[in-house]
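# Structural overview
One letter stands for each residue in the lines below.
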Amino acid sequence: MSNMVYLMTSLPSLSLGQVPPITIDEFNDDAKRQLSVRHYKKLQSVDIQKLNAQVGVESISTFLKKLKEDLSEVREAKAQNRQAKPERMPSSVLRGNPLEREMNIIQWQWEELQDIEAGKTFTLTEVLVYKLKLQLIERLYSFDENKGAEVLASVVNPEKNMERK
Amino acid sequence: MAGIKIKYTKTERARQKKILKVSERMLPLFEAMEKSLMATINTISDRIEQLREEIEKNRKAAEAWTAVMSDSWVNINEFISVNKIITKTIDVAGVRVQQYVKVDFNVMPINDDTPLWVDDAIELMQEQLQLLAEIECLKEQIDLLEEELLDVRARVKLFENRRIPNAKLAIRKIGQKLQDDERLTIATAKVVKTSKQREGKI
């Protein structure tokens, strides 16, 4: 517990839309030093990118599991040309262009994580949520108009990978 | 014509007349072919322009959300690549060219944990790559047609500037020569006849 307190008090506070104050690797290094092997193992398994639901904290597991199911439902609905009915995710976040939609989803995920960590100060849940929130901040920070245009151009390149039959 | 030896014979005149007849018949055909090739090249160029406008339109439409493509969670290059451009051989203005049919893509399966924008990006990239592939095919068609156009233009010039004028000149010269020869023969015969008549009187 005291280690958890030390870890959480030593980490910078997070807010969505800010420049990541710490990298995931730095956070992992700090956590490795402060947490027990068992807790650190749980921290390693939690990942909002891979939506791994086997994390040992039920509220987080349920959130990630439902998120995965909702994304699957959105895709299925699109393929079937019908209105998506996600269970946990509000339909309103799916509005707008792909960038707006992704930002809405990140905002909603952030709010969900805040709900999960409410009242769980200095617990493993708070540590796990911190990692997930840091992942969201890093991801949101990576959205860049110029870099995105470069990525598009690198794929849509007429001289690349073209072989005439 | 300079430097070319003409045989001043009736056979040669007949041969030159035949060349002239064939050349005068072929010239309009080559001229028509030239016009047809030029029109086809223009049509293809217009189509390329249309496709380029479409690409630009798609790019502008996606401009509002391209920022998401730099998502640190996704490497979109891994999701889509061109396997092959499928074409078929067709005849355009008498030239065999490759016509665009479709693009065969390598698309990686999308998992449930893949962000939703990836689906839209793949759609956009497929659309753009298809348009670009069609442009490439059309450019190659233009290259082949321009090659043929150069050949046809060379033939038109050959007929207009060399074959027809040369044949006409040859026919005229042979005609004059044959006429001169005929006059000379008649005049000689007359002289001989007159000489013989004089000898007889004496």
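The residue count restarts for each chain, going from 1 along the sequence in the order it is written. For this description, chains carry letters from A and ligands carry numbers from 1, given in the order in which they are written. Restriction of local features to residues with pLDDT of at least 70 applies here, the model being predicted, together with a cutoff of 80 or more for giving and counting side-chain atom pairs; totals for whole chains, interfaces and linings are based on all residues.

## Some thoughts on the overall build of chain B
Which entries qualify depends on this criterion: Labels follow the DSSP assignment, with helices taken as runs of H or I lasting at least four residues and strands as runs of E lasting at least two, numbered in each case from the N terminus. To assign burial, the other C-beta atoms lying within 10 Å of each residue's own C-beta are counted, with C-beta atoms placed from the backbone; 20 or more indicates buried, 12 or fewer indicates exposed, and intermediate counts indicate partly exposed. Think of it this way: build a C-beta for each residue from its backbone, and any pair within 7 Å is a contact.
For chain B, the count of helices and strands is two helices and two strands. Traced from its N-terminal end to its C-terminal end, chain B shows the element sequence α-β-β-α. Classification of the 202 residues of chain B by burial places 22% in the buried group. Across chain B, every contact between residues at least 6 apart in sequence was considered, and the portion connecting residues at least 24 apart equals 82%.

## Observations regarding the pairing of strand E2 (residues 95–107) of chain B
Residue and element names in this part refer to chain B. Formally: Note on pairing: DSSP must find at least two bridges between two strands before they are called paired.
Pairing between strand E1 (residues 80–92) and E2: 12 bridges, direction antiparallel. The partner of Ile90 across the bridge, within E2, is Val97. Counted between consecutive antiparallel strands, the loop separating E1 from E2 contains two residues, among which Ala93 sits at a positive phi close to 50°.

## Here's the deal with unusual backbone geometry
A positive phi angle is found at Asn81 of chain A, which is not glycine, with a value near 55°. Counting through the fold element by element, Asn81 of chain A comes out in the loop between helix H4 (58–79) and helix H5 (98–117). For Asn81 of chain A, a count of 6 C-beta atoms within 10 Å translates into the label exposed. Phi at Ala93 of chain B takes a positive value of approximately 50°, unusual for a residue other than glycine. Secondary-structure assignment places Ala93 of chain B in the loop between E1 and E2.

## Some thoughts on the confidence of the model for chain A
Formally: The predictor attaches a confidence to each residue, called pLDDT, with possible values from 0 through 100.
Of all residues in chain A, 94% attain a pLDDT of 70 or more, and the chain-wide mean is 90. Low confidence marks residues 160–165 of chain A, where pLDDT is under 50. Its contacts with residues over four positions away, or in another chain, come to 13 contacts.

## Observations regarding the packing of helix H1 (residues 10–62) of chain B against helix H2 (residues 117–201) of chain B
Residues and elements named next belong to chain B. Defined as follows: Lines are fitted to the C-alpha atoms to define the axes, a helix being fitted only along its stretch in contact, and any angle between axes, read from their N-to-C directions, falls within 0 to 180 degrees. Convention used here: angles under 35 degrees read as roughly parallel, angles over 145 as roughly antiparallel, angles from 65 to 115 as roughly perpendicular, and any remaining angle as oblique. Handedness of a crossing is defined here by the sense of rotation of the near helix relative to the far one, left-handed for an anticlockwise turn of less than a right angle and right-handed for a clockwise turn. Under the grouping applied here, Gly and all other residues not named as nonpolar or charged are polar, the nonpolar ones being Ala, Val, Leu, Ile, Met, Phe, Trp, Tyr, Cys and Pro and the charged ones Asp, Glu, Lys and Arg.
Where H1 meets H2, the closest approach of the two axes is 6 Å, and the angle between their N-to-C directions is 160°. Taken together, the axes of H1 and H2 are roughly antiparallel relative to one another. The handedness of the crossing between H1 and H2 comes out as left-handed. Classifying every residue of the contact of H1 with H2 by side-chain character gives 31 nonpolar, eight polar and 20 charged.

## A short note on the nonpolar core
Condition: Buried Ala, Val, Leu, Ile, Met, Phe, Trp, Tyr and Cys residues form a nonpolar core when they are connected through C-beta atoms within 7 Å.
In this structure, Leu128 of chain A together with Ile76 of chain B are the most contacted members of the largest nonpolar core, which totals 59 residues. The set of elements that each furnish at least two residues to this core consists of helix H2 (24–34), H4, H5, helix H6 (124–142) and helix H7 (145–155) of chain A together with E1 and H2 of chain B. Tallying contributions element by element places H2 of chain B first for this core, with 12 residues. Core analysis: the next-biggest nonpolar cluster, separate from the first, contains five residues, Leu37, Ala93, Leu149 and Val152 of chain B among them.

## What about the confidence of the model for chain B?
Mean pLDDT for chain B: 93, with 98% of residues reaching 70 or above. Scored as a whole, the predicted complex attains pTM 0.83, and scored at its interfaces, ipTM 0.89.

## Some details on the interface of chain A and chain B
The interface of chain A with chain B comprises 33 residues on the first partner and 32 residues on the second. For the side of chain A that touches chain B, the elements supplying multiple residues, two or more each, are H4, H5, H6 and H7 of chain A. Among the elements that make up the side of chain A that touches chain B, the one with the highest residue count is H7 of chain A (eight residues). In terms of residue class, the side of chain A that touches chain B is made up of 13 nonpolar, seven polar and 13 charged.

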